[in-house]
Amino acid sequence: MNSVNLFTEGEPIRDTSAPEGPIEERWDKRRFGGKLVNPANRRKLSVIVVGTGLAGGSAAATLGELGYHVKSFCYQDSPRRAHSIAAQGGINAAKNYRNDGDSIHRLFYDTVKGGDYRSRESNVYRLAQVSVEIIDQCVAQGVPFAREYGGLLDTRSFGGVQVSRTFYARGQTGQQLLLGAYQALERQVAAGTVEMFTRHEMLELIIVDGAARGIVARDMVTGEIETHTADAVVLASGGYGNVFFLSTNAKGCNVTATWRAHRKGALFANPCYTQIHPTCIPQSGDHQSKLTLMSESLRNDGRVWVPVAKGDKRDPREIPEDERDYYLERIYPSFGNLVPRDIASRAAKNVCDEGRGVGPGGLGVYLDFADAIQRLGRKAVADKYGNLFEMYERITGEDPFEVPMRIYPAVHYTMGGLWVDYDLQSTIPGLFVVGEANFSDHGANRLGASALMQGLADGYFVLPNTISDYLAKGPFPKVADDHEAVVEARESVTGRIERLLSIDGDRTPDSFHRELGALMWEYCGMERTDEGLRKAIDRIRELREEFWTRVKVPGENEELNQALEKAGRIADFFELAELMCIDALHRTESCGGHFRAESQTPDGEALRDDENFAYVAAWEYTGEAPVLHKENLEYEYVKMVQRSYK
Ligand SMILES: Cc1cc2nc3c(=O)[nH]c(=O)nc-3n(C[C@H](O)[C@H](O)[C@H](O)COP(=O)(O)OP(=O)(O)OC[C@H]3O[C@@H](n4cnc5c(N)ncnc54)[C@H](O)[C@@H]3O)c2cc1C
């Protein structure tokens, strides 16, 4: 048992499906080495895909097109309401249309460096290779990417890079990409290869003879508890940023699908790696339940600053140039306003901690477009960012054409998730995980516009190839509804629902969620310390106990019951929150989005400890202290150095 008695350490874990040899050839090698399923046999095989965002939608559509029988699930009323629709800024690809020095190798390098050397080289290289194909596929589907005057697709820059490789569709890139994937999915629904189950929430995984063979889902309209079986299960259920209550994620985003799989044996990797996005609209009060992102693309033209003097309350337009501190341009002259998110977020926190923040409570910095408007003209700025400016004005009542935006960091994305190998298979055979739900290719910090790239790479290109190696082991024995594993999974779901409904306490699920979120933000947010994390773990445990005695879930199961949905998700968030804090506590280094106050350079940058922490932390669920399995990270093509954007 570890000295603090919070976890034990188990055997190291290895990614045995990762091919070796020159990095450029590994993906080809894996595809050639994997077994195929012939087209006539595919229709005899079935796959469940949980999630219809960019990762799940593209995966289900592609598997359907290949001829497998797919069952696709989402909790929204339509697959195209998945949270991916919210993505604004763009999607990266190493097309080098601009001739500005981009290449597959540079995208690979930027992503490994951006992730603070905590991701796998083989995976990231494959991601960069596949990025090029994604754009072609989406253009062929009719996704209306922005174009330049000459007709080529336009690009812009995102943080952490010096080239312009981000493809976009105004400020609605996610929506347009999702419409592309959705059309492909609906085509398969019409063709009969994909069966669609909307308003169904997966509440348990079914494991038979050690392999994933199905799910238990609740029909959210009638409350019926259903079991669905298949030959393999794919989780594409998104990220868990809502453990913080306030985040830029859609309110429905939750951890239940992956957490239930974790409880059944899938290792959960790097849970503490959370991305805090620097450009969000600051919180306006305690009543709020959601934070709004202002896309990172705005940092292409917007300049970030605060007053030089502490407590300067003047109207920003009255503060002369020499009394402004464009601190990102000053501290990081090479990357300026386009430093990666973790760096920009911490810098904003630092200037606010110094007492130079602006707006209510001093928790804000300016993002100013005055220079860009003067240089490019109002119309050009409106063409690029029009809908984002409008959204900002509607929420704050201030017009960014006239006064600088006020922004502050907020929880945005989770790099942690279920551990997967190079084939995207979890530690449970037959359980594959794609998109934000897996522990991903982004290491300790994801670069902007790389989540859409990864989700679509996983769904359109990687999974459809790698899953065939697993399905080729079929045909698989049919699992009957009365199989003991199915019955047990179903009973555990009904038992849990009954328990939640029977407590009949005096606190709403939301009140617990809000309190948990505040704790997580304070102790496991932008800055973490040994003392704070220990405090958080104790308090989470107390609060969880209180939840199971005081939560009030009105209504019944056999109806649309949003309090019941929330309560189930919050119960899982409690368990996840504790693991996040244990992960953050054990990683005494700083890296990327995980900033340990005890581990910083003299100028306040994250200080990694490669000797002791160059590994993926993959956690095993035991019901008591979790077990840590380390996957060693080796770098052959990129040299691990202290990250610098100066
Ligand atoms: C405001 C905002 C803007 C962003 N902008 C960008 C950007 O410009 N570029 C970029 O690269 N990234 C961006 N991101 C990140 C990116 O949007 C997400 O990481 C990505 O869309 C996640 O896709 P996904 O398919 O993995 O999951 P999601 O889109 O979250 O989809 C999850 C799916 O799983 C389903 N689901 C979940 N749990 C269950 C369950 N238990 N049972 C049944 N169904 C379930 C949901 O119904 C949904 O269909 C942004 C994120 C936010 C919050």
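These figures come from a predicted structure and were not determined experimentally. (Residues numbered from 1 in each chain as written. Predicted model: local features only at pLDDT ≥ 70, side-chain atom pairs only at ≥ 80, totals over all residues. Heavy atoms only, no water.)

## Some remarks on the environment of Ala212
Then, number 1: Secondary-structure assignment places Ala212 in strand β9 (residues 211-219).
Then, number 2: Between the C-alpha atom of Ala212 and that of Asp530, which follows or precedes it by 318 residues, the distance is 37 Å.
Then, number 3: Those residues in contact with Ala212 that sit more than four places away from it in its chain are Leu205, Ile206, Asp231, Ala232, Val233, Ile428, Pro429, Gly430 and Leu431. (Helix = DSSP H or I, 4+ residues; strand = E, 2+ residues; numbered from the N terminus. Contact = heavy atoms within 4.5 Å.)

## Comments concerning the packing of aromatic side chains
Then, number 1: One pass over the structure, following the stated rule, counts 22 aromatic pairs.
Then, number 2: Centroid distance Phe145 to Phe167: 6.3 Å. Interplanar angle 65°. Geometry classified as edge-to-face. Of this pair, Phe145 sits in the loop between α5 (121-141) and β5 (155-156) while Phe167 sits in strand β6 (residues 166-167); the two residues are 22 residues apart in sequence, bridging distant segments of the chain. One exposure class covers both Phe145 and Phe167, and it is buried. (Phe/Tyr/Trp six-rings, centres within 6.5 Å; stacked < 30°, edge-to-face > 60°. Buried < 20%, exposed > 50% of the residue type's maximum accessible area, 1.4 Å probe, protein only.)

## Concerning the site of the ligand
Then, number 1: In the neighbourhood of the ligand, 37 residues make up the surrounding shell, with Gln76, Ser84, Gly89, Met202 and Glu436 lying closest.
Then, number 2: Within the backbone of Leu54, one N or O atom sits 3.2 Å away from an oxygen atom of the ligand.
Then, number 3: A distance of 2.4 Å separates an oxygen atom of the ligand from a polar atom in the side chain of Gln76.
Then, number 4: About the coverage of the ligand: the protein hides 98% of its 1000 Å² of free accessible area.
Then, number 5: Every element with two or more residues in the shell around the ligand is listed here: α3 (54-66), β8 (200-208), β17 (405-414) and α12 (451-471).
Then, number 6: At three residues, the largest contribution of residues to the shell around the ligand is made by β8. (Near = heavy atom within 4 Å. Polar contact = N/O pair within 3.5 Å; in protein donor to acceptor, adjacent residues only side chain to side chain. Areas by Shrake-Rupley, 256 points an atom, 1.4 Å probe, with all protein chains shown as cover.)

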